[in-house]
Amino acid sequence: MGRGDMMKLSDELGKEEQLYKSLYQQCCGLWEKPVTDWNELVHRYHKAGIRKIPSEPPSRMGTVLTESDFFTENVKEVVCFNNLRYCPPFLHKLEFIKIVYIFRGSVTLYLDDEKYELQTGNFCIITPGVRHTVFSRHDEDVIINILMRVSSFANAFSGILMEQNILSDFFWKILYTKHSNRVLVFVCSNDAKLDRWVEKMFDESARQQNASNLLMKSYAMIFLGIVMREHLKELHLKEELTEEVYVLPAIIRFMRKNMKTITLDELSLQFHMSESELKRYIVRESGYTYRYLLRDLRLRRAVELLRNTKLSMERIMEETGYSNMNNFYRSFKEHLGKTPSEFRKSREEILI
């Protein structure tokens, strides 16, 4: 599918975009600073003597956007759509992961009071909890939002997490820390390979209820894989990173790799801490205990094996490090609401 054919959906302004553009053109200076909500923009217009502005926003706005706002079906883990052109820059936080990809044109990224200009080929990855907004002010802009659930990221993108680089560490921090709110900005020239996979995500997502979750995950995996292989050198961090940022992801990766036999003693030796120091560090950085993290990693792995393999229950129990079947079944049902056998039989998606 050619680039031109794919993006015809974005060439003409939609109804909401036309309204936003008309408001913007009346007094573009009022849009230079982001707003917290629609009422603040209305107040700015009234203060400037402009009364003709709707009392309600024509599109969704909110200080916090949740997974349920965009993931209308439990089985969907990735969605992709156009960012509205001329939509007022309203500051908000997310409960999911968002990639903003500048397919064509430019966009202004606001992180609270800071702003950054991104051009064609640039993209950024925004974590849950980051107060931000983006604003595009040209008809020719094509800005694509790619959204990924946090609640199922570890299962859907386990291959990405097992890589060892700053991007995989970034995603581990999203999953298991209390203060992972960070933005990664990639300032790179246009990459036709990334364009191609964004097009595929966009096209598949446009099928709405008929969109394939498997294809969407696959396309997103390939996109992130290309980023890891070819674009990490073009990463611009918007905060200074200390060496400690990388320690918790390394601990979690080691625990996941060795979950069949891992002990607290082995882990403390590996990371040159006493057991008490290690336990305090994990709680301080993640908010979870060592036992909770280990159980969570084991259950996520069990769900992955139940969903994607035909291994016996005994083998899955062994692969996830449980000592006996009773403990395995009890832990699985206590935290996921079904026994492993019930989950496999139902074949439903469990988001953990």
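Quick note: structure is the one above.
Definitions and limits used
- Residues numbered from 1 in each chain as written.
- Predicted model: local features only at pLDDT ≥ 70, side-chain atom pairs only at ≥ 80, totals over all residues.
- Heavy atoms only, no water.
- Helix = DSSP H or I, 4+ residues; strand = E, 2+ residues; numbered from the N terminus.
- Expected span 1.5 Å × (residues − 1).
- Buried < 20%, exposed > 50% of the residue type's maximum accessible area, 1.4 Å probe, protein only.
- Arc of directions from axis to C-beta.
- Polar contact = N/O pair within 3.5 Å; in protein donor to acceptor, adjacent residues only side chain to side chain.
- Salt bridge = Lys/Arg side-chain N within 4 Å of Asp/Glu carboxyl O.
- Pairing = 2+ DSSP bridges.
- Axes fitted to C-alpha atoms, helices over the stretch in contact; angles between N-to-C directions.
- Phe/Tyr/Trp six-rings, centres within 6.5 Å; stacked < 30°, edge-to-face > 60°.
- Lys NZ or Arg CZ within 6 Å of the ring centre and 35° of its normal.
- Core = buried A, V, L, I, M, F, W, Y, C linked by side-chain atoms within 4.5 Å.
- Contact = heavy atoms within 4.5 Å.
- Parallel < 35°, antiparallel > 145°, perpendicular 65-115°, else oblique.
- Nonpolar A, V, L, I, M, F, W, Y, C, P; charged D, E, K, R; others polar.

Draft legend 1. A look at helix H16 (residues 325-336). With 12 residues, H16 should cover 16 Å at 1.5 Å per step; its first-to-last C-alpha distance of 16 Å lies within 8% of that length. Every buried residue belonging to H16 is among Phe328, Ser331, Phe332 and Leu336, and all of these are buried. Each buried residue of H16 sits inside an arc of 95° when the element is viewed along its axis, so together they form one side. The exposed residues of H16 that point more than 90 degrees off its buried face are Asn326 and Glu334. The distance from a side-chain oxygen at the start of H16 to the backbone nitrogen of Asn326 is 3.1 Å, and the residue carrying that oxygen is Asn324.

Draft legend 2. Up close: the pattern of salt bridges. With the rule as written, the count across this model stands at 14 salt bridges. Across the salt bridge formed by Arg85 and Glu17, the nearest N and O atoms sit 3.0 Å from each other. Taken as a pair, Arg85 in the loop between strand S2 (78-82) and strand S3 (93-94) and Glu17 in helix H3 (residues 15-26) lie far apart in primary sequence, 68 residues in all. Classification of Arg85 as buried rests on a relative accessible area of 3%. A salt bridge links Lys193 to Glu230, with the shortest nitrogen-to-oxygen separation between them at 3.2 Å. Highlighted residues: Lys193 in helix H9 (residues 192-205) and Glu230 in helix H10 (residues 213-230), separated in sequence by 37 residues. Salt bridges sharing common partners tie together Asp191, Lys193, Arg229 and Glu230.

Draft legend 3. Structural context of the sheet that holds strand S8 (residues 132-135). Strand order in the open sheet formed by three strands is S6-S5-S8, and the pairing between neighbours is antiparallel. Both outer strands of the open sheet, strand S6 (114-119) and S8, are each paired with one neighbouring strand and no more. Strand-to-strand twist in this sheet, taken as the mean axis angle between neighbours without regard to direction, amounts to 20°. Pairing of strand S5 (residues 106-111) with S6, which is carried by six bridges, proceeds in the antiparallel orientation. Within S6, the residue paired with Thr108 across the bridge is Glu117.

Draft legend 4. View of the packing of aromatic side chains. Considering all chains together, one arrives at 22 aromatic pairs under this definition. With 5.8 Å between their ring centres and 80° between their planes, Tyr101 and Phe223 make a pair best called edge-to-face. Taken together, the positions of Tyr101 in strand S4 (residues 97-104) and Phe223 in helix H10 put the pair 122 residues apart, joining distant regions of the chain. Phe223 gets classed as buried once you look at its relative accessible area, which sits at 1%. Cation over ring: Lys200 sits above Trp197, and NZ or CZ is 5.5 Å from the ring centre. The residue whose ring lies beneath Arg298 is Tyr322, and the NZ or CZ to ring-centre distance is 5.9 Å.

Draft legend 5. A look at H9. Relative to the 20 Å expected for 14 residues at 1.5 Å per residue, H9 spans 20 Å between its end C-alpha atoms, a close match to the ideal helical length. Of the positions making up H9, those classed as buried are Leu194, Asp195, Trp197, Val198, Glu199, Met201, Phe202, Glu204 and Ser205. Between the side-chain oxygen of the N-cap and the backbone nitrogen of Lys193 there are 2.8 Å, and the N-cap of H9 in question is Asp191.

Draft legend 6. Seen up close, the nonpolar core. Membership of the largest hydrophobic core comes to 60 residues, with the highest contact counts inside it found for Phe171, Met201 and Phe223. No other element matches the eight residues that H10 contributes to this core. Residues in contact with Met201, not counting those within four places in the same chain, are Val78, Cys80, Ile146, Met216, Tyr219, Ala220 and Phe223. Counting 20 residues, the second largest nonpolar core, distinct from the first, contains Phe96, Leu111, Cys124 and Val183.

Draft legend 7. Spatial organisation of the packing of helix H8 (residues 166-176) against H10. Their axes nearest at 9 Å, the elements H8 and H10 cross at an angle of 130°. Judged on the interaxial angle alone, H10 and H8 are oblique. Contacts between H8 and H10 involve Leu167, Ser168 and Phe171 on the former and, on the latter, Leu224, Val227 and Met228. For the contact of H8 with H10, the residue count by class is five nonpolar, one polar and no charged.

Draft legend 8. Just unusual backbone geometry, in detail. The backbone of Tyr86 shows a phi angle near 70°, a positive value even though the residue is not glycine. One non-glycine residue, Gln208, lies in the positive phi region at around 55°. Here Gln208 lies in the loop between H9 and H10.

Without other data, these values stay purely geometric and don't point to any function.
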